[in-house]
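One-letter residues, chain by chain:
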Amino acid sequence: MWDLFSVNYCKYYFEETYQPPDKVVGGVPNKKDVACDEYPFASTKQGAGMQDGNYSIKAVSYAHNDAHGEALAMFYADYRVVPDSQFWVKIVS
């Protein structure tokens, strides 16, 4: 369910990226090449999937979102991150 909220927020804040829709899924316009990325990661306890709007979103390419998801999954596996594990994220430019 949270996925529809984030897509709707992305549609609202990044309207030009989502227009015109390539298809409609569950009543929500959906472009095949655009994904809604969120931070903190939706898979975490503090992430977009568990929060009440206290997170950041950005419309990005599916390729970017998929690559990020794969890198995050590898991080979880390599460092044995399991539910309720705590970890820090360092942002570098």
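The rules we used
Residues numbered from 1 in each chain as written. Predicted model: local features only at pLDDT ≥ 70, side-chain atom pairs only at ≥ 80, totals over all residues. Heavy atoms only, no water. Helix = DSSP H or I, 4+ residues; strand = E, 2+ residues; numbered from the N terminus. Buried < 20%, exposed > 50% of the residue type's maximum accessible area, 1.4 Å probe, protein only. Salt bridge = Lys/Arg side-chain N within 4 Å of Asp/Glu carboxyl O. Phe/Tyr/Trp six-rings, centres within 6.5 Å; stacked < 30°, edge-to-face > 60°. Core = buried A, V, L, I, M, F, W, Y, C linked by side-chain atoms within 4.5 Å. Lys, Arg positive; Asp, Glu negative; His and termini not counted. Contact = heavy atoms within 4.5 Å. Pairing = 2+ DSSP bridges. Patch = residues over 30% accessible without salt bridge, like charges linked within 9 Å, V, L, I, M, F, W, Y side chains within 5 Å. Areas by Shrake-Rupley, 256 points an atom, 1.4 Å probe, with all protein chains shown as cover.

Draft legend 1. Expanded view of the overall build of the protein chain. The helix and strand tally for the protein chain stands at three helices and four strands. For the protein chain, the proportion of its 93 residues judged to be buried stands at 28%.

Draft legend 2. Here's a closer look at the pattern of salt bridges. The full count for this structure, using the stated rule, is one salt bridge. The salt bridge partner of Asp 84 is Lys 45, with a shortest N-O separation of 2.9 Å. Separated by 39 residues along the polypeptide, Asp 84 in the segment after α3 (62-78) and Lys 45 in the loop between β3 (34-39) and β4 (56-61) bring together distant segments of the chain. Across this residue pair, the class does not change: Asp 84 and Lys 45 are exposed.

Draft legend 3. Quick peek at the packing of aromatic side chains. If you walk through the whole model with that rule in mind, you get five aromatic pairs. An angle of 55° between the planes, with centres 6.1 Å apart, marks the rings of Phe 75 and Tyr 76 as tilted. Classification of Tyr 76 as buried rests on a relative accessible area of 18%. Connected via pairs of aromatic rings, a cluster forms that spans Phe 75, Tyr 76, Tyr 79 and Phe 87.

Draft legend 4. Molecular detail of the nonpolar core. Judged by nonpolar contacts, Cys 10, Phe 14, Val 34, Cys 36, Ala 48, Tyr 55, Ile 57 and Ala 59 together constitute the single largest core of eight residues. Looking at this core, the elements that each hand over two or more residues are β3 and β4.

Draft legend 5. Local environment of the side chain of Asp 37. Checked against the element boundaries, Asp 37 lands in strand β3. In this structure Asp 37 is buried but unpaired, with Lys 58 as the nearest side chain of opposite charge at 9.0 Å. In contact with Asp 37, not counting residues within four places along its chain, are Ser 56, Ile 57, Lys 58, Val 60, His 64, Asn 65 and His 68.

Draft legend 6. Spotlight on the pairing of β3. Within β3, five of the six residues are buried, which leaves the element mostly enclosed by the surrounding structure. As judged from the six bridges shared by β3 and β4, these two strands associate in the antiparallel manner. When the sheet's bridge partners are listed, Cys 36 is paired in β4 with Ala 59.

Draft legend 7. How the structure looks around the environment of Met 50. Among the secondary structure elements, Met 50 is positioned in the loop between β3 and β4. Along the backbone, Met 50 and Pro 40 are 10 residues apart, and their C-alpha atoms lie at a distance of 10.0 Å. Those residues in contact with Met 50, other than ones at most four positions away along the chain, are Thr 44 and Lys 45.

Draft legend 8. Representation of a nonpolar patch on the surface in the model. Taken together, Tyr 9, Tyr 12 and Tyr 13 make up a surface patch of nonpolar side chains, about 400 Å² in accessible area. Within the secondary structure, Tyr 12 sits in helix α1 (residues 2-13). Residue class for Tyr 12 comes out exposed when judged on its relative accessible area of 60%.

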